Amino acid sequence: MHNGSLSNHNNLRRELTREGIRLETQNDSEVAAAYLTGEMAKGKNLGEALTSALDDLDGFFTFVVGTKSGFGVVRDPIACKPAVMAETDAYVAFGSEYRALVNLPGIEDAKVWEPEPATVYFWEH
Amino acid sequence: MPVFDLATTELRALNQALHALDKSGANEDFEVTNPRGSHAVAVGIDAPVNVTIDGSVGYYCAGMNEQASITVNGNAGPGVAENMMSGKVVIKGDASQYAGATAHGGLLVIEGNASSRCGISMKGVDIVVKGNIGHMSAFMAQSGNLVVLGDAGDALGDSLYEARLCARHGQKPWCRLREKGNAGRTYRPSNQASCRCRHHGCEARGIHALWLGQDALQLQCR
């Protein structure tokens, strides 16, 4: 999930296509997803791929990424786009505002925080 | 004492009741329960009244506040007390981005942490944050005072005008300062060790006031 706008997605699309990754649209978010897939195919886990994204992607973004075994969140260094997270022993939740999380069980006692800019948050089974 | 339960009452009813108050007289205290992250709670008040909100609020709580004294027993979303003209807002928990943005007066107290862009474009408000503030706080701050007792994020006071920023010595971010006699030249320490109080040559940790006048750099040890 991508909230924001990438400015170098055209260049990235060319590079990813050259590497053999198939992209079907002109959309920047598709490029971000393909980029992360490509990095993980090279052997990185989701957390490492998101760390590389901070160097290779240009623009503003909040990414929330789920894979079969992991869940990751990263915001760009300027971090204009809103993001809030909640964590209990039972779950980790992400929303663009606290109001989206307010009906979760145990939210009153959850650790609620805003992810820091340019910092990867990553959970894996 | 009027009590508004936002689980069963429309937000509009609360705000309309607050807008109907006597602007110059004594008003009963208001209590608001179950805000559950609602937006625009207690906005646009222009009357002396105490409002207590039990729970966390969403965006722009106490926006454009004038004369009222508003307390949030919880966290606040982005833009709390945005454009406040006078009065007082106290957040017992944390505040999200751009707390006190473009506010002209009054006092905003955040007992927890504030997020990025705290006090952005402040125009006379006093902001006190007991915890930390996020990056780009006091960006383009024109006047007023910002006091942070915890840590400040990167780029504190970027593009500062005449607002006064009080921060603990040796902050992680760089401070952009204009040196006296060198109008237009900016001094940008590359690390925290360079951000020194020069008034007394004091290097001890403590609260220092960074006062950026138009052409003068003044640092006062307090």
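Residues numbered from 1 in each chain as written. Chains lettered and ligands numbered in written order. Predicted model: local features only at pLDDT ≥ 70, side-chain atom pairs only at ≥ 80, totals over all residues. Heavy atoms only, no water.

All names here are of chain A. In a regular helix each residue adds 1.5 Å, so 14 residues correspond to 20 Å; helix H2 (residues 28-41) covers 20 Å between its end C-alpha atoms and thus fits that length. Of all the residues in H2, the buried ones are Asp 28, Val 31, Ala 32, Ala 34, Tyr 35, Leu 36, Gly 38 and Glu 39. Buried residues along H2 sit in contact with strand E1 (2-6), helix H1 (9-18), helix H3 (46-56) and strand E2 (59-66). The backbone nitrogen of Ser 29 has a side-chain oxygen 2.7 Å away, supplied by the residue at the start of H2, namely Asn 27. Once H2 ends, the next one or two residues include Gly 43, with phi positive near 115°. (Helix = DSSP H or I, 4+ residues; strand = E, 2+ residues; numbered from the N terminus. Expected span 1.5 Å × (residues − 1). Buried < 20%, exposed > 50% of the residue type's maximum accessible area, 1.4 Å probe, protein only. Contact = heavy atoms within 4.5 Å. Polar contact = N/O pair within 3.5 Å; in protein donor to acceptor, adjacent residues only side chain to side chain.)

The next thing to look at is the interface of chain B and chain A. Every contact between the two is made by 13 residues of chain B and, on the other side, 15 residues of chain A. Roughly 1,000 Å² is buried in total at the junction of chain B and chain A, and carbon and sulfur atoms are behind 41% of that figure. On the chain B side of the interface with chain A, the three residues burying the most area are Arg36(B), Gln97(B) and His135(B), jointly 42% of the side's total. Where chain B packs against chain A, one counts zero salt bridges. Among the residues making up the side of chain B that touches chain A, the classes are represented as two nonpolar, nine polar and two charged. (Buried area = accessible area lost by both parts, 1.4 Å probe. Salt bridge = Lys/Arg side-chain N within 4 Å of Asp/Glu carboxyl O. Nonpolar A, V, L, I, M, F, W, Y, C, P; charged D, E, K, R; others polar.)

For the rest of this paragraph, the subject is helix H1 (residues 11-19) of chain B. Residues and elements named next belong to chain B. All of the buried residues in H1 are Leu 14, Asn 15 and Leu 18. Along the axis of H1, the buried positions cluster into a sector of 90°, meaning they face one direction only. What points out from H1, more than 90 degrees from its buried face, is the exposed set Arg 12 and Gln 16. Tucked inside the fold, the buried residues of H1 contact strand E1 (3-5), strand E2 (30-33) and strand E3 (50-54). (Arc of directions from axis to C-beta.)

Now for the side chain of Ser38(B). Inspection of the secondary structure assignment puts Ser38(B) in the loop between E2 and E3. A polar atom in the side chain of Ser38(B) sits 3.3 Å from the side chain of Arg99(A). Engagement of the side chain of Ser38(B) in a polar contact is seen with the backbone oxygen of Pro35(B), the distance being 2.5 Å. Ignoring any residue separated from it by four or fewer positions in sequence, one finds Ser38(B) in contact with Arg99(A), Leu6(B), Ser56(B), Val57(B), Gly58(B) and Tyr59(B).

With that out of the way, let us pick up a negative patch on the surface. A contiguous patch of negative charge, built from Glu15(A), Glu19(A), Asp55(A) and Asp56(A), is present on the exposed surface. Topologically, Glu15(A) is positioned in helix H1. (Patch = residues over 30% accessible without salt bridge, like charges linked within 9 Å, V, L, I, M, F, W, Y side chains within 5 Å. Areas by Shrake-Rupley, 256 points an atom, 1.4 Å probe, with all protein chains shown as cover. Lys, Arg positive; Asp, Glu negative; His and termini not counted. Charge placed at Lys NZ, Arg CZ, Asp CG, Glu CD.)

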